[in-house]
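# Fold and contact review
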Amino acid sequence: MNKFQRKVSVPIYTMFILLLFGIFGISYTIWGNQSGVRGTKAGAAEAVSESNVGVTKIVWWHAMSGENGKVVDKLVSAFNALHKDMKVEAVYQGSYYDSLTKLKASIGTTIAPTMAQVYDIGTRFMIDSKAITPIQTFIDREKYDTSQMDEAIINYYTVDNKLFSMPFNASNPILYYNKDLFTAAGMNPDQPPVLYEDVKKAATKLTKGGVTGAYFGTHSWYMEQFVANQGAEWVNNGNGRDGLATAWQLNGAEGVKALAWWKELVDNNLAIYSAGKGDTSKKAFAEGKVAMIFDTTAALRDILDSVEGKFEVGTGFFPKPAETASGGVGVGGGSNWILNSKSEEEQQAAWTFMKFLSEPEQQAIFHVNTGYFPITKKTYELPIVQENMKKYPQFKTAIEQHHASKLNKATLGGVLGVYPDARKLTEEAVNQALSGQQSPQAALDAAAAEINAKIAAYNQALQ
């Protein structure tokens, strides 16, 4: 592939997005659009000015906030200092969901960025939008060596043997636990529970004296990983990789098993139930009120900082049933995409920036300051990474779990056009089950029915 994709005209982009917005009921306020894009409009004017002096402007929309956002700003500054003929303007666009919603609204307009960070579950939509230039274009053109990159990570963003976006921030969910409480309960603090039954036994011993054994945020991502850890796919047609997905399968035996186990912990007061994805559980964990939580490895630095040395934080693999043999966890996080509405000069500059971000030195800085694990294999050889591993062995867990996961369709993860909607409906189902309003099977069945209707509408809109 030697030419940039420009097969779909701007009006068709717009019609496609409006149709999808109408089908799925995506809300997007005018004020939200303006507030997220004002800087970009100003940036466009600057780009014209700077182009007169030979500087190519790259507008990058991203979803990295807090400490992670500060690391992103440092990487951008480093790139700009090295490349006087290019200038990256990083614009924070809110959460992953908000950022993707704004990006959808910008496609086919003058306010679209040059490149955008999109979370993993936006992959299918981005491909179907026809608004992007596949990264494979640049790889083929200059024979860029992708063997230096982590196979599982790069394979997530590869569909139909074509790499569509450049991986940037990779993560997986892990178990965080309070080693001091494990010791006080007579358990080995260096042996975190891995099997469902072991987590239950540990929670039973830990639940006492005002401390609850576990508190797991109701994130759909955890349900997907529970299923992947059993070697199963939660979307049909090979997790949407052998063809467009037509059915959501999280209501299968593997999903029901996981949710039933989770509900048993809640029903026996061994785990706290509260609707929410994780911030509340992290706070309770840092305060020593709960002994075990789930969270992304990308939260590691934040969790260590919030605990402030009050107790020793342990990390362990994501739990699974005893009979699991072929499972593992999949890659989460996000990747960077290039918009094909921009000039070839801008697109090439964006590609140069993406390569910079993937280099071992930049990946090392990003890894040790966030908890996301490197996408480039040589990063692990750098002294800064090795020294960080010695000082904070918790960083090893996600990496070891990642490398231990079997590479198959389950651990590659699902690709689905209506994935954000599917997650919201799944989270509602988890809440319905944990609160006792429906059985795990009934709740997941109801969610699957709604998700399948959305899938059908989405696929119809593509025809």
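The name given to the chain in an unreviewed UniProt entry is ABC transporter substrate-binding protein, with the source organism recorded as Paenibacillus chondroitinus. Per UniProt, the chain has the following entry under Sequence similarities (unreviewed entry): "Belongs to the bacterial solute-binding protein 1 family."

Quick look at the overall build of the chain now. Across its full length, the chain carries 21 helices and 13 strands. Expressed as a percentage of its 463 residues, the buried residues of the chain come to 58%. Per element, the accessible surface of the chain, about 18400 Å² overall, is 52% carbon and sulfur.

What follows covers the packing of helix α12 (residues 253–267) against helix α20 (residues 419–434). Contact pair α12 / α20: the axes reach a minimum separation of 9 Å and the direction vectors enclose 45°. One way to sum up the angle between α12 and α20 is to call them oblique. The way α12 lies across α20 gives a crossing that is right-handed. Each of Leu 259, Trp 262, Lys 263 and Val 266 in α12 lies in contact with α20, whose residues at this interface are Val 430, Ala 433 and Leu 434. For the contact of α12 with α20, a count of residues per class yields six nonpolar, no polar and one charged.

If you trace the five strands from one edge of the open sheet to the other, you get β10-β9-β11-β8-β12, paired in mixed fashion. The open sheet terminates on both sides in strands that have one partner only, identified here as β10 (271–272) and β12 (313–316). One ladder, built from four bridges, connects strand β8 (residues 173–178) with β12; its direction is antiparallel. Among the inter-strand pairings, Tyr 177 is bridged to a residue of β12, identified as Gly 314.

Time to look at unusual backbone geometry. Its identity is not glycine, yet Asn 237 carries a phi of approximately 55°, on the positive side. Here Asn 237 falls in the partly exposed class, since its relative accessible area comes to 34%. Of note, Asn 269 is a non-glycine position whose phi angle comes to about 60°, a positive value. For Asn 269, the position within the fold is in the loop between α12 and β10. Taking the relative accessible area as the measure of exposure, Asn 269 reaches 58% and is therefore exposed.

The N-to-C vectors of helix α3 (residues 66–82) and helix α15 (residues 344–358) enclose an angle of 120°; their axes lie 11 Å apart at closest approach. Comparing the axis directions of α3 and α15 gives the class oblique. The two elements α3 and α15 cross, and the hand of that crossing is right-handed. Of the residues in α15, those touching α3 at Leu 75, Val 76, Ala 78, Phe 79 and Leu 82 are Thr 352, Phe 353, Phe 356 and Leu 357. When its residues are assigned to classes, the contact of α3 with α15 shows eight nonpolar, one polar and no charged.

A pair can form between side chains of opposite charge whenever their charged atoms are brought close. Taken as a whole and judged by the stated rule, the model has 14 salt bridges. Glu 142 is paired through a salt bridge with Lys 355; the nearest N and O atoms lie 2.8 Å apart. Here the residue Glu 142 occupies a position in helix α6 (residues 135–142), and Lys 355 occupies one in helix α15, the gap between them amounting to 213 residues. The closest approach of N and O atoms between Lys 282 and Asp 302, which form a salt bridge, is 3.6 Å. Here the residue Lys 282 occupies a position in helix α13 (residues 279–286), and Asp 302 occupies one in helix α14 (residues 300–307), the gap between them amounting to 20 residues. By relative accessible area, Lys 282 is classed as buried at 18%. Overall, the relative accessible area of 44% leaves Asp 302 in the partly exposed class.

Soluble globular proteins: nonpolar side chains tend toward being buried together. Judged by nonpolar contacts, the single largest core of 73 residues is most densely connected at Phe 226, Trp 248, Trp 261, Trp 262, Met 292 and Leu 416. When neighbours within four sequence positions are excluded, Trp 261 is seen to be in contact with Tyr 196, Val 199, Phe 216, Phe 226, Phe 294 and Pro 319. Counting 61 residues, the second-largest nonpolar core is a separate cluster that includes Phe 138, Ala 298, Phe 311 and Ile 375.

About the thresholds
- Residues numbered from 1 in each chain as written.
- Predicted model: local features only at pLDDT ≥ 70, side-chain atom pairs only at ≥ 80, totals over all residues.
- Heavy atoms only, no water.
- UniProt positions renumbered as here; feature names shortened; annotations may be inferred.
- Helix = DSSP H or I, 4+ residues; strand = E, 2+ residues; numbered from the N terminus.
- Buried < 20%, exposed > 50% of the residue type's maximum accessible area, 1.4 Å probe, protein only.
- Areas by Shrake-Rupley, 256 points an atom, 1.4 Å probe, with all protein chains shown as cover.
- Axes fitted to C-alpha atoms, helices over the stretch in contact; angles between N-to-C directions.
- Parallel < 35°, antiparallel > 145°, perpendicular 65-115°, else oblique.
- Left-handed = near helix turned anticlockwise from the far one by under 90°.
- Contact = heavy atoms within 4.5 Å.
- Nonpolar A, V, L, I, M, F, W, Y, C, P; charged D, E, K, R; others polar.
- Pairing = 2+ DSSP bridges.
- Salt bridge = Lys/Arg side-chain N within 4 Å of Asp/Glu carboxyl O.
- Core = buried A, V, L, I, M, F, W, Y, C linked by side-chain atoms within 4.5 Å.

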